[in-house]
Amino acid sequence: MLPVQSWVDSFHTGYNLDSIAAYEQLTADTSFHACLEKGAKYYLDTFFEQDGTPKYYNLKTYPIDIHCPAQLPITLSRLGIYDENKELATKVLTWAITHMQDKKGYFYYQLKTGINSRISYMRWSNAFMLCALSYTLLYE
């Protein structure tokens, strides 16, 4: 890994957990299960604040990309731990709707300190967040 690629962020951590879980489910190889559980604990303990604010990086919050809150319900579902983390998912998604959804209904791409990117990207922000919200319906 190059030094420029040495950060740890929330949604890529979620993607990686999803990939390990998919591998485990599709191959029945559970040799990485302890790593998956450790990674899931790190993800949940590191990237979400008590009030539901999703953090971008492990060491700092901003910028908050729409993928930060949106990845959570997808990862929880893939790992089979949505029900036990439903309160966190609700807090995070409520935070995202409150802070990252425009009055017109679309979701912002990114919140930064000072200047926000309120661009409505169909695939990047809206489709991904709507996908995330659809996961919540599976657990109602």
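Above this text is the structure in question.
We now turn to the structure provided with this report. Note that this is a predicted model, so its numbers are computed, not measured.

## Regarding unusual backbone geometry
Next, step 1: With an omega of 0°, the peptide bond running from Tyr62 to Pro63 counts as cis.
Next, step 2: Turning to its location among the elements, Pro63 is positioned in the loop between helix H2 (33-46) and strand E1 (64-65).
Next, step 3: Of note in the backbone geometry, Ala28 takes a positive phi value of approximately 65° without being a glycine.
Next, step 4: Tracing the backbone shows Ala28 in the loop between helix H1 (10-27) and H2.
Next, step 5: Residue classification places Ala28 among the exposed residues on the basis of a relative accessible area of 63%.

## Focus: the packing of aromatic side chains
Next, step 1: All told, the structure shown has nine aromatic pairs when counted by the stated rule.
Next, step 2: Look at Tyr23 and Phe32: their rings are 6.1 Å apart centre to centre, the planes differ by 65°, and that puts the pair in the edge-to-face class.
Next, step 3: Judged by relative accessible area, which is 42%, Phe32 ranks as partly exposed.
Next, step 4: With a centroid separation of 5.9 Å and an interplanar angle of 85°, the aromatic rings of Tyr42 and Phe47 are classed as edge-to-face.
Next, step 5: When its relative accessible area of 35% is taken as the criterion, Tyr42 is described as partly exposed.

Rules used throughout
Residues numbered from 1 in each chain as written. Predicted model: local features only at pLDDT ≥ 70, side-chain atom pairs only at ≥ 80, totals over all residues. Heavy atoms only, no water. Helix = DSSP H or I, 4+ residues; strand = E, 2+ residues; numbered from the N terminus. Buried < 20%, exposed > 50% of the residue type's maximum accessible area, 1.4 Å probe, protein only. Phe/Tyr/Trp six-rings, centres within 6.5 Å; stacked < 30°, edge-to-face > 60°.

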